[in-house]
Amino acid sequence: MFKQKKIARSALGALVGALGLAGAGGAWAQSGPDCGLNTGKPATGEPIPVGAVVGKTGPDDFSASGQAAAAYFKCVNANGGIHGRPVDYIVVDDQWNPETAAQVASKLVKDRKVVALAGSTSFVECGANAKMYADEGVMVIAGTGVPRECFNARNYVPVNAGPRVSATIAAMYAAQKYKAKKMVCVIPNIPSLGNWACEGPKEWGKKNGVEVETITIDPGSADATSTMLQAAAKKPDTIIMNVPKGILVPMLAAAEQQNLGKKIHFVSAAPAYNTDVPKAIGPYWKGNFDVNLEFNPLESAGPDNKNWLAVMDKYGAKSDPRDTFSQGGYVAARIVTQALLKMDPKKIDRAGVTDALRKVSDFKSDILCKPFYVGNGNRHNANNSGPVASPDGNGWRFAPGGCLTAEDPELVDIRADEQKMGLK
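As a convention, each chain's residues are numbered from 1 in the sequence order in which they are written. In view of the model being predicted, local features appear only for residues whose pLDDT reaches at least 70, and side-chain atom pairs are presented and counted only at 80 or more, with totals across whole chains, interfaces and linings using the full set of residues. Side-chain numbers come from the whole structure's heavy atoms, not from hydrogens or water.

Enquirer: Now, about the overall build of the chain: what can you tell me, with residues and values included?
Expert: Counting its regular elements, the chain contains 13 helices and 16 strands. Since a compact globule built from 424 residues should have a radius of gyration of about 22 Å, the 21 Å found for the chain is in line with a globular shape. The charged-residue count follows a simple rule in which Lys and Arg add positive charge and Asp and Glu add negative charge, with His and chain termini not counted at all. Working definition for charges: the position is that of NZ of Lys, CZ of Arg, CG of Asp or CD of Glu. Here the chain carries 48 positive and 41 negative side-chain charges, and the mean point of each set is 5 Å from the other. Secondary structure elements follow DSSP: runs of H or I of four or more residues count as helices, runs of E of two or more count as strands, with numbering from the N terminus. All radius of gyration figures rest on C-alpha atoms, and the globule criterion is 2.2 Å times the number of residues raised to 0.38.

Enquirer: Mind laying out the nonpolar core, listing which residues take part and the relevant values?
Expert: For soluble globular proteins, nonpolar side chains are generally found buried alongside one another. Here, the term nonpolar core denotes a set of buried Ala, Val, Leu, Ile, Met, Phe, Trp, Tyr and Cys residues that are joined through side-chain atoms within 4.5 Å. For each residue, the accessible area found with a 1.4 Å probe, counting protein chains only, is set against the maximum for its type, and the residue is called buried under 20%, exposed over 50%, and partly exposed in between. Judged by nonpolar contacts, the single largest core of 89 residues is most densely connected at Phe266 and Phe289. The element that contributes the greatest number of residues to this core is helix α11 (residues 324-341), accounting for nine residues. In terms of nonpolar packing, the next biggest core, distinct from the first, is built from 49 residues, Val109, Val146, Ala175 and Val210 among them.

Enquirer: Help me get a handle on the state of the cysteines, residues and values and all.
Expert: Only a pair of cysteine sulfur atoms within 2.5 Å qualifies as a disulfide here. With the rule as written, the count across this model stands at four disulfides. There is a disulfide in this structure between cysteine 35 and cysteine 75, and the S-S distance comes to 2.0 Å. Note on the cysteine 35 and cysteine 75 pair: the S-S dihedral is about 95°, so by sign convention the disulfide is right-handed. A residue pair is termed long-range when its members are at least 10 positions apart, and cysteine 35 in the loop between α1 (13-18) and β1 (48-54) and cysteine 75 in helix α2 (residues 64-77) qualify at 40 residues. The same class applies to cysteine 35 as to cysteine 75, namely buried.

Enquirer: Please provide a residue-by-residue account of the packing of aromatic side chains, values included.
Expert: To pair, rings of Phe, Tyr and Trp, with the six-membered ring standing in for Trp, must have centres within 6.5 Å; the planes then decide the type, stacked if under 30 degrees apart, edge-to-face if over 60, and tilted in the middle. With the rule as written, the count across this model stands at 14 aromatic pairs. Measuring from centroid to centroid gives 4.8 Å for phenylalanine 62 and phenylalanine 123, while their planes differ by 50°, and the two rings are tilted. Of the two residues, phenylalanine 62 is situated in the loop between β1 and α2 and phenylalanine 123 in the loop between β4 (121-122) and α4 (125-136); the sequence distance between them amounts to 61 residues. Between tyrosine 273 and phenylalanine 398 the ring centres are 6.4 Å apart and the planes differ by 70°, which places this aromatic pair in the edge-to-face class. In this pair, tyrosine 273 sits in the loop between β11 (265-268) and α9 (277-281) while phenylalanine 398 sits in strand β15 (residues 396-398), placing the two residues 125 residues apart along the sequence.

Have a look at this one:
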């Protein structure tokens, strides 16, 4: 098992949380989950509009981050809100369609006048809306960023590592554990995702003597068997799966039918890490399928991870996933809540919230491998490390060694920003 980093918690955690300076510090000294002011009294003041754009209907349901953020904001509102003001959390569905994404985001920003967005998760909305967010001066603390634009926009801040960084760590692990020298990366052909996300492993590979080729698929009509046979025909040591869970499971089933797992190692970016996956893919993959996690394990004993689960149990629906995307949405909502609690509740407006979020520089959670920051950079990828796990037939077994940090050459500017901020 990975050793989880422990966040020091004060006995005055509840008081500190009430001042908006900490998150889950006092959770386990209370009768319920820790959220915001922890007053136990519902907020009744003027609502503060906060939005999210998610891809709920389409090739896969990609809304878990928004569901977790919604649960957290419900908990905040039941515990005093933002110094008496409840968060009016508005989640819209982009239907995996860029035009729809632009329309629904415009309504949030221009009609509903949201002060920020939190917990957004989409394959298409970053490209459609990044410029509008910057033009309107609104910040997005996304639960899960996917395509390149999510990690290359001034006003869009994903909490997760992203498919490029996650796939790079998976490739690094395969080279380290299996001595792999030739890999194939499978990715949806969504604009700004396909080539970019698999370029991380490819560029890392060029520096480390590993050849990486890319296969792009249509996420709406992918043929699992032909895709796996196409990948195997390139005779790789390792196949990197960089696809949503709904596409991954049938592809691994097709690979099993061809018995590809006996001669090729399979690894994956973070979407494969889900409590349902080990049983869904079956015992065939025990010991031969390794997945990078963008956050610490779902079962980790850290207080903030426990608080996330407690929030979901009390304020979320039973059907809401308890997965890595849910972790991301919870963390995003916590970041926004913490920023709001530091403001004068009578003077909360978009410009003030944007400024407060840019000042986030040392946000700590045991869900994350290292402290999170926003800053004034022109792009954001603060989360760029994570552990690795593999299925054991019923659940996940975690590899020794703790969190791996991506050696993606594209992160050179991020490292420079971190150095300027005094972060490691």
